[in-house]
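If you want the building blocks of each chain, they are given just below.
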Amino acid sequence: MAERARRPRRPRAEREARPARARKPPRPKAPSRRGDGTGGAFGMTGTRRAAMFAMVLCALALSIAVPLRTYLSQRDELRDVGAEQQKLRETVAALEQRKAQLQDPAYVEIEARKRLHWVRPGETPYIVQLPGDENRNTESERPSGKPAAQRSWYEELWQSVTHK
């Protein structure tokens, strides 16, 4: 290429006037990437196609990751809330059953006799001592004989806070 630049170019007429046998045969063209189909789709080589595919795949993964994570966390939260709601329904059912029991005067009387050791006027209370109950303090289970002080709730609260 450097030699060609030094030599002066011949005029066109002189170049065309050369005999046919002295002309050099035309050089075969090098295959181009776009025209001959060696570059594949869009004129890209296999490596470039793989890189482009990886970039598209990463872009899709990143665009799907955040909504998918949100969906999964909300699904877990919904499952937890559903379980908590079921527990609360069971608690409400148990409390309604307890309320219905406490509406029955016979049940209230049984509870008062069992828990508070109440007796009807004219009845004699007996406490049965079973083997192994020697260490049991029955006086702490029995209600005290003195009436409760007639104070308001906030006085009771203040009293419990200051004395403990």
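Residues numbered from 1 in each chain as written. Predicted model: local features only at pLDDT ≥ 70, side-chain atom pairs only at ≥ 80, totals over all residues. Heavy atoms only, no water.

If you look the protein up in an unreviewed UniProt entry, it shows as Cell division protein FtsB from Lentzea roselyniae.

### With respect to the overall build of the protein
Threshold: To qualify as a helix, a DSSP run of H or I must reach at least 4 residues; to qualify as a strand, a run of E must reach at least 2; elements of each kind are numbered from the N terminus.
When helices and strands are tallied, the protein shows six helices and zero strands. Along the protein, from the amino end to the carboxyl end, the secondary structure elements read α-α-α-α-α-α.

### Topic: the UniProt feature "transmembrane region" (unreviewed entry) in the protein
The condition that has to hold: UniProt positions are given in the numbering used here, feature names are shortened, and annotations may be inferred rather than shown by experiment.
Here the UniProt feature "transmembrane region" (unreviewed entry) sits at residues 50–68. In residues 50–68, helix accounts for 100% and strand for 0%; the two terminal C-alpha atoms are 26 Å from one another.

### Observations regarding the confidence of the model for the protein
So the rule is basically this: By definition, pLDDT measures how confident the predictor is in each residue, and it falls between 0 and 100.
In the predicted model, the protein carries a mean pLDDT of 80, and 70% of its residues have values of at least 70. At the level of individual helices and strands, the protein shows its lowest average pLDDT in helix H1 (residues 2–6), which scores 55, and its highest in helix H3 (residues 46–102), which scores 94.

### Let's talk about the packing of H3 against helix H4 (residues 105–116)
This is how the line gets drawn: Axis definition: a line fit to C-alpha positions, over the contact stretch in the case of helices; interaxial angles, taken between N-to-C directions, run 0 to 180 degrees. Angle categories: roughly parallel below 35 degrees, roughly antiparallel above 145, roughly perpendicular from 65 to 115, and oblique for all the rest. Residues count as neighbours in contact if any of their non-hydrogen atoms are within 4.5 Å of one another. When residues are sorted by character, Ala, Val, Leu, Ile, Met, Phe, Trp, Tyr, Cys and Pro go into the nonpolar class, Asp, Glu, Lys and Arg into the charged class, and all the rest, Gly among them, into the polar class.
Orientation of H3 relative to H4, taken along the N-to-C sense of each, is 90°, at an axis distance of 7 Å. Viewed along their axes, H3 and H4 adopt a mutual orientation that is roughly perpendicular. Within the contact between the two elements, H3 uses Arg98, Gln101 and Leu102 and H4 uses Tyr107, Val108 and Arg115. Of the residues belonging to the contact of H3 with H4, the class tally is three nonpolar, one polar and two charged.

### Comments concerning the pattern of salt bridges
For clarity, the threshold we go by: Any carboxyl oxygen of Asp or Glu within 4 Å of a side-chain nitrogen of Lys or Arg constitutes a salt bridge here. Only protein chains enter the accessibility calculation, which uses a 1.4 Å probe. A residue is then buried if its area is under 20% of the maximum for its type, exposed if over 50%, and partly exposed in between.
Tallied over the full model, the rule gives seven salt bridges. One salt bridge in this structure joins Glu156 and Arg151, with 3.6 Å as the shortest N-O distance. Taking the relative accessible area as the measure of exposure, Glu156 reaches 35% and is therefore partly exposed. For Arg151, a relative accessible area of 38% translates into the label partly exposed. Among the charged side chains, a network of salt bridges with common partners joins Glu109, Arg113, Arg120 and Glu123.

### Thoughts on a nonpolar patch on the surface
Convention followed: Patch membership requires more than 30% relative accessible area and the absence of a salt bridge. Residues of like charge join within 9 Å; the nonpolar side chains Val, Leu, Ile, Met, Phe, Trp and Tyr join within 5 Å. Here the open area of atoms and residues is found with the Shrake-Rupley method and a 1.4 Å probe, where only the protein chains shown may cover a residue.
On the surface, Met52, Met55, Val56, Leu60, Ile64, Leu68, Tyr71 and Leu72 cluster together to form a nonpolar patch covering roughly 760 Å² of accessible area. Following the sequence through the fold, Leu72 ends up in helix H3. The class for Leu72 is partly exposed, based on a relative accessible area of 34%.

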